[in-house]
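So the chains spell out like this:
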Amino acid sequence: MMPQHHPAEELLIDYAAGSMGEPMALLLATHLTLCPQCRGEAARLDALGGALLESLEPEPVSDTALQALLDQLDSEPESPPIAKPEPKSEDGALLPRPLMDYIGGPLSAVRWQRFGGLSIAELEVGGREVHTRLMRIASGMAMPRHTHEGNELTLVLSGGFSDSRGHYLRGDVATTDSSVDHQPVADADGDCLCLAVTDAPLRLTGRFGRMLNPFFRF
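Residues numbered from 1 in each chain as written. Predicted model: local features only at pLDDT ≥ 70, side-chain atom pairs only at ≥ 80, totals over all residues. Heavy atoms only, no water.

When helices and strands are tallied, the protein shows 6 helices and 11 strands. Among the 218 residues that make up the protein, the fraction classed as buried is 40%. A separation of at least 24 residues holds for 64% of the contacts in the protein among residues at least 6 apart in sequence. A total of about 12,600 Å² of accessible surface is found on the protein, and carbon and sulfur atoms cover 54% of it. (Helix = DSSP H or I, 4+ residues; strand = E, 2+ residues; numbered from the N terminus. Buried < 20%, exposed > 50% of the residue type's maximum accessible area, 1.4 Å probe, protein only. Contact = heavy atoms within 4.5 Å. Areas by Shrake-Rupley, 256 points an atom, 1.4 Å probe, with all protein chains shown as cover.)

Here it is as structure tokens:
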């Protein structure tokens, strides 16, 4: 099934321009591997950007510009993740190549922190300002009702979940911010595995959840 929920167009523009931070670029590259529609749009935006560059008049540069460029070429900056064909991991679950490169192995080797029916694994991607996590929600489990102090993008890798805004399956991207108060529920036919990128903690909003906020930072 083709993904039905996609990232905003401005995110695809930032990805195509190479101006996106590493955590978000990883999520976008993983989504593009699973979504032919967005992959085609990203390729179109990339080609459009190249055409615009070619149409610009050349600007005069200083005498030191060449040496500065050579110095940059000598360095080895980290390349942003790119969409590649999907391999099959050892444990039988399909993981898109961009994400597998960061995990460094099959899901069976991931170290999970368990909180009841929710399992979380932190990935070392970029700096500490933005968190990149794998989340596994047990079949049929409802997460605590919450909102977000910042922005979060969640990409479904397997299974699915629902909230008040819709039903999300493999390849779908859910975008949330401080205006969204929701309670995701995993589908009853299997666990839901997601990749989530957040730039600020979530805040519990349920009757009892509010009392836990001083002790709960996620």
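Still more to cover.
So, on to the sheet that holds strand S6 (residues 160-163). The strands that make up a sheet are held in pairs by hydrogen bonds between backbone atoms, and each pair lies either parallel or antiparallel. Ordered by their spatial adjacency, 3 strands build an open sheet running S7-S6-S9, and the pairing between neighbours is antiparallel. Either end of the sheet is taken by a strand with one partner, and the two such strands are strand S7 (166-169) and strand S9 (185-186). When S6 meets S9, the two strands line up antiparallel, connected through 2 bridges. What sits directly across from Ser162, in S9, is Val185. (Pairing = 2+ DSSP bridges.)

This paragraph deals with the pairing of strand S10 (residues 192-198). Taken across its 7 residues, S10 has 7 buried, putting it largely inside the fold. Alternating residues of S10 divide into Cys192, Cys194, Ala196 and Thr198 and Leu193, Leu195 and Val197, and every residue in both groups is buried. Pairing of strand S3 (residues 131-137) with S10 involves 7 bridges; the strand directions are antiparallel. For His131, the partnering residue across the bridge sits in S10 and is Thr198. Pairing of strand S5 (residues 152-158) with S10 involves 6 bridges; the strand directions are antiparallel.

Right, let's get into the pattern of salt bridges. Per the counting criterion, the structure on display carries 4 salt bridges. Between Arg165 and Asp163 there is a salt bridge, and its shortest N-O distance comes to 3.1 Å. What makes Arg165 partly exposed here is its relative accessible area of 33%. (Salt bridge = Lys/Arg side-chain N within 4 Å of Asp/Glu carboxyl O.)

Now for the confidence of the model for the protein. Summarising the model, the protein shows a mean pLDDT of 82, and 74% of its residues fall at 70 or more. Mean pLDDT values over the elements of the protein span from 52, in helix H6 (residues 209-212), up to 98, in S9. Counting interchain partners and residues more than four positions distant, the pLDDT-below-50 stretch residues 85-92 has 20 contacts. (pLDDT = per-residue confidence, 0-100.)

Counting residues in each nonpolar core, the largest one holds 32 residues, and the members touching the most others are Leu27, Leu99, Ile103, Leu107, Leu134 and Leu195. Broken down by secondary-structure element, the contributors of at least two residues to this core are helix H1 (9-17), helix H2 (22-34), helix H3 (36-55), helix H5 (97-103), strand S2 (118-123), S5 and S10. Looking at which element gives the most residues to this core, the answer is H2, with 6 residues. One finds Leu118, Met141, Cys192 and Cys194 within the second-largest nonpolar core, a separate group that totals 14 residues. (Core = buried A, V, L, I, M, F, W, Y, C linked by side-chain atoms within 4.5 Å.)

Let us look at the side chain of Thr205. Along the chain, Thr205 falls in the loop between strand S11 (202-204) and H6. According to the relative accessible area criterion, Thr205 is buried, its value standing at 9%. A polar contact is formed between the side chain of Thr205 and the side chain of Asp181, at a distance of 3.0 Å. (Polar contact = N/O pair within 3.5 Å; in protein donor to acceptor, adjacent residues only side chain to side chain.)

This paragraph deals with the packing of aromatic side chains. Under the counting rule described, the total for this entry stands at 1 aromatic pair. Considering the side-chain rings of Phe161 and Tyr168, the 5.0 Å spacing of their centres and the 20 degrees angle between planes classify their relative orientation as stacked. The pair Phe161 / Tyr168 is uniform in exposure class, with both members buried. (Phe/Tyr/Trp six-rings, centres within 6.5 Å; stacked < 30°, edge-to-face > 60°.)

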